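Each chain, letter by letter, is given below.
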2 protein chains.
Amino acid sequence: MNEFNLIQKYFTRPTRHTDLGAGDDAALVTIAEGMQLVVSTDMSVAGTHFFHDAAPYDIGWKSLAVNISDLAAMGAQAKWATLAIALPEINESWLAEFSCGFFACAEAFAIDLIGGDTTKGPLNISITIMGEVPKSKALKRSSAQPGDDIWVSGTLGSAALALSHLQGKIKLENDILQANIHELHRPMPRATLGLSLNGIATSCIDISDGLLADLGHVLKASNLGAEIHIERLPMSPYHVKNLHEPLIHQCVLAGGDDYELCFTAPPSKRDEIQLLSQQQHLFLTCIASTYKPAGPTDSGVQPLYKHMPLSLLKQGFDHFA
Amino acid sequence: MNEFNLIQKYFTRPTRHTDLGAGDDAALVTIAEGMQLVVSTDMSVAGTHFFHDAAPYDIGWKSLAVNISDLAAMGAQAKWATLAIALPEINESWLAEFSCGFFACAEAFAIDLIGGDTTKGPLNISITIMGEVPKSKALKRSSAQPGDDIWVSGTLGSAALALSHLQGKIKLENDILQANIHELHRPMPRATLGLSLNGIATSCIDISDGLLADLGHVLKASNLGAEIHIERLPMSPYHVKNLHEPLIHQCVLAGGDDYELCFTAPPSKRDEIQLLSQQQHLFLTCIASTYKPAGPTDSGVQPLYKHMPLSLLKQGFDHFA
């Protein structure tokens, strides 16, 4: 099987909203009038982002899902993706499962695969996602306002808890592991929520590196502060029960890999947000409020546990820390 | 140095035509009215696309240049790129040189770096390039016409000759190596030519995998045939002198890595094309004509040497062959 046949067999599907898909030097798409193009890229590497023996279906799903999450965090509609993949060898059963997982996610979120590259090398998956947002309506990090509520979707810390188990840092009972591992392997990007926050949220970010790091980016960019009481954060029953453990603090505040959205909105929007929560069958929790910091260097997040400042080993995920 | 500082220090430059650059969940750009978005992705892997000890400046230049070449082959104006890079470790002098090479190419072709990802892993560079083309004016592979001239820019086989030397397949005198190695390390994408072929060429492709493979794609997609006399191809004096060597046939016909453009145009456009050649100080050589094949399976390229069919060891570059 050569490169061309490999692409034909595993990476070619009909497109929905594309003028010219894969197969030429480049793809062609039309951006609707009044819309901006939104672009984001994420790279996933074996041994760094997933275990070498991770299920290929999950790798395929997740590598696309994390990109969709970035566009959701902009309030944008993801529509197109390119996939560049380096493979150590052609392993057809691996490829079949990987492409199944990738396209399951693409179908679920109506994403067209419009191009890519396959090459030989240590396993590496690089995806660029593109989409549309009405002009000047994107949810940026820098536009949170003083006195805004801070909201979080879903629950935090599940992916990190499951990862801690897989890394041998903690031993979970099987039912607890099963209740948490789905978030690690097949995160569900909050695409519908992101779109519906247009006109409601003042800023938004996806929690990929952990709440403290990601909310920290928003607060720094908006020059605001916030205190986060860990007890008020949405989390699984296991997390609640073990909230005295430093590992649980770490998972909930700095675990990352949750791909929930963290957004700010004025208190006047609370009813609308509760309505979204009901419509989308998705927990939306108001976790704190923003305030104007005393000085420009005082912006950022202060985590609290039992009303006392909490210090963590790691504030968030850093590949080179 | 953490990931954030690394991006700040090495990968942040002012942008020219971007609404929101790197630093948020995604970038925002506006596609001009009447234009289509053009997108392409290429991945470069250490050990596959370049030697592990290759000059980082060259890696930076080339990884962007090959992407620009894809957009040139569509007759499109490249404007934006994202860069995802996996690094085994933070090596600041390597990064400084890599980013110098990358941005030298970005400056030369007015490309904005609008986003990306840095992560830990075996060295891998994945770039997505985006640009614009007037609606329905992109130069596709499938629209060559019977009786069209086939043109090639620049010379063929230089990059492959230099690579053959580096791989120890041939021993070149230093002056010969120097005369050819620039094409291998710092290819010059034919961006201006690509743009000016709008309204002249009927199809276009960049020669990244070798003339036979790439022209073959055009002819197959357009259901046409062509005979290529190797003696008529543009090549360096060394190649001409050694044209009896099978290695030279291989370099010129199937070497790849030249990033010249191969395009088709009706004979009525010859004067216009000669004028472009003069204006752009770029050799443009008419190498053959297309014809309607006897049957649908007869489309494609037939290479000839001294009027006899030539068979090559490899038709083009395939990572998994």
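Residues numbered from 1 in each chain as written. Chains lettered and ligands numbered in written order. Predicted model: local features only at pLDDT ≥ 70, side-chain atom pairs only at ≥ 80, totals over all residues. Heavy atoms only, no water.

A.B. asks: How should I be thinking about the overall build of chain A in this particular structure?
C.D. replies: A tally of regular secondary structure across chain A gives 10 helices and 12 strands. The C-alpha radius of gyration of chain A comes to 20 Å, within 12% of the 20 Å expected for a compact globule of 321 residues. By the burial criterion, 59% of the 321 residues in chain A qualify as buried. As displayed, chain A has an accessible area near 12,900 Å², and 53% of this comes from carbon and sulfur atoms. Charge-centre separation for chain A: the mean point of 22 positive side chains lies 5 Å from the mean point of 34 negative side chains. (Helix = DSSP H or I, 4+ residues; strand = E, 2+ residues; numbered from the N terminus. Rg over C-alpha atoms; globule rule 2.2 N^0.38 Å. Buried < 20%, exposed > 50% of the residue type's maximum accessible area, 1.4 Å probe, protein only. Areas by Shrake-Rupley, 256 points an atom, 1.4 Å probe, with all protein chains shown as cover. Lys, Arg positive; Asp, Glu negative; His and termini not counted. Charge placed at Lys NZ, Arg CZ, Asp CG, Glu CD.)

A.B. asks: I tried to follow the side chain of Arg141 of chain B on my own but got confused; where do I start?
C.D. replies: Structurally, Arg141 of chain B is set in the loop between β5 (124-134) and β6 (149-153). For Arg141 of chain B, the side chain forms a polar contact with the side chain of Asp25 of chain A, separated by 3.4 Å. When residues no more than four places from it in sequence are discounted, the contact partners of Arg141 of chain B are Gly23, Asp24 and Asp25 of chain A together with Ser203, Cys204, Ile205, His217, Val218, Ala221 and Ser222 of chain B. (Polar contact = N/O pair within 3.5 Å; in protein donor to acceptor, adjacent residues only side chain to side chain. Contact = heavy atoms within 4.5 Å.)

A.B. asks: Sorry if this is basic, but what is going on with the pattern of salt bridges here?
C.D. replies: Note on pairing: side chains with opposite charge can pair once their charged atoms come close. Tallied over the entire structure, the rule returns 22 salt bridges over all chains. One salt bridge in this structure joins Arg141 of chain B and Asp24 of chain A, with 3.5 Å as the shortest N-O distance. Residue Arg141 of chain B is found in the loop between β5 and β6, and its partner Asp24 of chain A is found in the loop between α1 (3-10) and β1 (27-29); the two belong to separate chains. On the accessibility criterion, Asp24 of chain A (15% relative accessible area) is buried. One salt bridge connects Arg190 of chain B with Glu260 of chain B, and the closest N-O pair in it is separated by 2.8 Å. Of the two residues, Arg190 of chain B sits in the loop between α5 (174-185) and α6 (191-196) while Glu260 of chain B sits in strand β9 (residues 260-265), which places them 70 residues apart along the sequence. Here Arg190 of chain B and Glu260 of chain B have matching classes, each one buried. Within the structure, one salt-bridge network assembled from shared partners comprises Arg16, Glu107 and Asp112 of chain A. (Salt bridge = Lys/Arg side-chain N within 4 Å of Asp/Glu carboxyl O.)

A.B. asks: Is there a simple way to think about the interface of chain A and chain B in this case?
C.D. replies: For an interface, size is often stated in terms of accessible area lost upon the parts coming together. At the junction of the two partners, chain A supplies 61 residues and chain B supplies 61 residues. Along the contact surface separating chain A from chain B lie four salt bridges. A salt bridge links Arg141 of chain A to Asp25 of chain B, with the nearest nitrogen and oxygen atoms 3.4 Å apart. Here chain A is connected to chain B by 22 residue pairs in polar contact (both at pLDDT 80 or more). Among the elements that make up the side of chain A that touches chain B, the one with the highest residue count is strand β2 (residues 35-45) of chain A (nine residues). Here the residues of the side of chain A that touches chain B are counted per class, giving 30 nonpolar, 17 polar and 14 charged. Where β2 of chain A meets strand β1 (residues 27-29) of chain B, three bridges bridge the pair, whose relative direction is antiparallel. Bridging across to β1 of chain B, Val38 of chain A finds its partner in Leu28 of chain B. (Nonpolar A, V, L, I, M, F, W, Y, C, P; charged D, E, K, R; others polar. Pairing = 2+ DSSP bridges.)

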